[in-house]
Amino acid sequence: MITPGPRYQRLPMNMDDDIQWAEPTGSKLSRFLQRASSLPCRTCSPSNWIKITAVLLTVTCVFETYWIVHLHDIQTRVPNDPYDNIFTSGGGRRALDIWDGNHQEFIHNAIPVPVHSHNDYWRQIPLFEALASGCISVEADVHLHDSDLLVGHNAISLRSSSTLRSLYLEPLQRMLESQNPNGTDDLWRGIFNRAPQQTVVLLVDLKTAGVATFAELSDELQPLRDLNYLTYWDGLKKVYRPLTVVATGYAEFTWITALNAAHRDIFWDARLDRLAAPEDTYLPDSTDYKYNNSNSHYASTRFSNGLFGTPGYGNAASRDAKMTQIEQAKARGLVARYWDTPSQPPNLREIVWRVLIQHGVGIMNMDDMGAVRDRARGWGKIY
């Protein structure tokens, strides 16, 4: 009888078999892998994938809710600030009476400053707080859903009651109608009494791809278009009106240029870090840029892509190549904007703000409306 060596051990291989001599370790591993590969994958079943997806979506939703609450908690509170005293304590996120004549005085008498309200729909009172803080630009992310544009950061946060019409277009129309009871002409009045000819920018970030989203945006702008409230390009010059609409996100440049060239009233948010284009032409007495104020309004990029330096010299092409990004935007008649600027720590945030202002950025991208009200004219007067 052969006695098993040290590489064998007396083990039951399964419940039905008698005790047998186990195979060498290498062979046992091979058979185990072969048997495991033949078993069905329970994790890969459709029901389990649905459960996993549901858990991930729930976690994402909880995190986003926490972040919105956290963002609200860290907003700067200004001592004895009229807005904070009246609105911060409550009053309803979208109360119908918030847009009456008395409350609108907070907006009309605000000090307008070159500040953009980033992700404005996260405010306690969307649009209202930004305008009452003096912002001349607001941002709304939109998703096409059942022939309507819903406002929200992602699909999970969408609600049927939060539409571009209800949160932005209709309130803007009511305010502008109260400022222009006799209609608009060259003497139109904008939102701010301190700067009645200052246009307000509505930056619409298309979160769903496809031209249908852009077409729905254009359709929903028709009431404002009929009232002559929209800034437009008339084929020769840019004609400013109380509201300037800019499309970004999934919006494509060709959709903008395909609009009526004699009355183009939706503009492009160009890439600030990619303004120079092969189509640009540099002549001795003129320069023709692909991205210019006939088709674009903003030129934006992430702050980490920012390039700041000294002015360029030489011929037109050489100067353009050596220009800072902000100078390139100004040369094309565009407003430079940097997003995703550092928010913490506070000293770094302050340094970034100071650098951007010193370099002449067109508009400041902000999340903290309390800080905007606290600084007031510190961001730069526009009147």
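Read on for an overview of the structure. (Residues numbered from 1 in each chain as written. Predicted model: local features only at pLDDT ≥ 70, side-chain atom pairs only at ≥ 80, totals over all residues. Heavy atoms only, no water.)

To continue, consider the environment of V138. By the element assignment, V138 lies in strand β4 (residues 135-144). Given the relative accessible area of 0%, V138 is considered buried. Setting aside residues no more than four positions away along its own chain, V138 makes contact with H116, S117, D120, L127, A130, Y168, V201, L202 and L203. (Helix = DSSP H or I, 4+ residues; strand = E, 2+ residues; numbered from the N terminus. Buried < 20%, exposed > 50% of the residue type's maximum accessible area, 1.4 Å probe, protein only. Contact = heavy atoms within 4.5 Å.)

In this section: helix α4 (residues 101-108). Along α4, the positions that sit buried rather than exposed are H103, Q104, I107 and H108. The buried residues of α4 occupy an angular sector of 150 degrees when the element is viewed end-on, so they sit on one face. (Arc of directions from axis to C-beta.)

Axes are the key here: two packed helices are described by the angle between their axes and the distance separating the axes. Between α4 and helix α6 (residues 164-179), whose axes approach to 12 Å, the crossing angle comes to 85 degrees. One way to sum up the angle between α4 and α6 is to call them roughly perpendicular. Counted together, Q104, I107 and H108 of α4 and M175, S178 and Q179 of α6 form the full contact between these two elements. A class-by-class count of the residues in the contact of α4 with α6 yields two nonpolar, four polar and no charged. (Axes fitted to C-alpha atoms, helices over the stretch in contact; angles between N-to-C directions. Parallel < 35°, antiparallel > 145°, perpendicular 65-115°, else oblique. Nonpolar A, V, L, I, M, F, W, Y, C, P; charged D, E, K, R; others polar.)

Quick look at the packing of aromatic side chains now. Each aromatic ring pair is summarised here by two numbers: the centre-to-centre distance and the angle between the ring planes. This model, assessed by the stated rule, comprises six aromatic pairs. Relative to Y289, the ring of Y282 has its centre 6.2 Å away and its plane inclined at 80 degrees; by these criteria the two rings are edge-to-face. Note on Y282: relative accessible area 29%, which makes it partly exposed. Grouping aromatic residues by their ring pairs yields a cluster made of F253, W268 and Y291. The lysine or arginine in question, K238, covers the ring of F267, its NZ or CZ lying 4.3 Å from the ring centre. Against the face of Y289 rests R332, its NZ or CZ located 3.9 Å from the ring centre. (Phe/Tyr/Trp six-rings, centres within 6.5 Å; stacked < 30°, edge-to-face > 60°. Lys NZ or Arg CZ within 6 Å of the ring centre and 35° of its normal.)

Further remarks concern the nonpolar core. Core analysis: the biggest nonpolar cluster contains 75 residues, and L131, L164 and Y168 have the highest contact counts within it. In terms of residue count, the dominant contributor to this core is α6 (seven residues). Not counting chain neighbours up to four residues away, the residues in contact with Y168 comprise D120, Y121, P126, L127, V138, E139, A140, V151 and L202. (Core = buried A, V, L, I, M, F, W, Y, C linked by side-chain atoms within 4.5 Å.)

In this section: the pattern of salt bridges. Charged atoms that come close allow side chains of opposite charge to pair. As enumerated under the stated definition, the model contains 13 salt bridges in all. Residue R165 is joined to D148 by a salt bridge in which the shortest nitrogen-to-oxygen separation is 3.4 Å. Taken together, the residues span a long stretch of sequence, with R165 in helix α6 and D148 in the loop between β4 and β5 (149-151) at a distance of 17 residues. R165 is paired through a salt bridge with E220; the nearest N and O atoms lie 3.4 Å apart. (Salt bridge = Lys/Arg side-chain N within 4 Å of Asp/Glu carboxyl O.)

Turning to unusual backbone geometry, a few remarks are in order. Of the consecutive residues Q344 and P345, the connecting peptide bond is found in the cis state with omega at -5 degrees. With respect to the helices and strands, P345 occurs in the loop between β14 (335-339) and α12 (346-358). Notably, S147 is not glycine yet its phi reads approximately 60 degrees, a positive angle. Mapped onto the secondary structure, S147 falls in the loop between β4 and β5.

Along β4, nine of the ten residues are buried, which leaves the element largely enclosed by surrounding structure. With three bridges connecting them, strand β3 (residues 113-117) and β4 associate as parallel partners. By the bridge assignment, H116 is partnered in β4 with S137. In this sheet, strand β6 (residues 200-206) lies alongside β4 in parallel orientation, the contact comprising six bridges. For D141, the partnering residue across the bridge sits in β6 and is D205. Summarising the sheet, β4 and β5 pair through three bridges and their orientation is antiparallel. Bridge pairing in β5 links H143 to L150. As consecutive antiparallel partners, β4 and β5 are separated by four residues, and within that stretch D146 has a phi angle of approximately 50 degrees, a positive value. (Pairing = 2+ DSSP bridges.)

As a further point, take the pairing of β3. Summarising burial for β3: five of the five residues are buried, a large majority. Burial along β3 is two-sided: the face carrying V113, V115 and S117 and the face carrying P114 and H116 are both buried. For β3 and strand β15 (residues 364-366), the ladder comprises three bridges, and the chain directions are parallel. When the sheet's bridge partners are listed, S117 is paired in β15 with M366.

Before going further, it helps to spend a moment on the packing of α6 against helix α7 (residues 211-220). Contact pair α6 / α7: the axes reach a minimum separation of 12 Å and the direction vectors enclose 40 degrees. In terms of orientation, α6 and α7 fall into the oblique class. For the pair α6 and α7, the contacting residues are L164, R165 and L169 in the first and E216, L217 and E220 in the second.

The subject of this paragraph is α12. Between its first and last C-alpha, α12 extends 18 Å over 13 residues, near the 18 Å set by a 1.5 Å rise per residue. When we look at burial in α12, the residues that qualify are R349, V352, W353 and L356. Projected onto a plane normal to the axis of α12, the buried residues spread over an arc of 100 degrees and lie on a single side. Away from the buried face of α12 by more than 90 degrees, exposed residues N347 and Q358 are located. For α12, the secondary structure elements touched by its buried residues are β14, β15 and α13 (369-375). Backbone geometry just after α12 places G360 at a positive phi near 80 degrees. (Expected span 1.5 Å × (residues − 1).)

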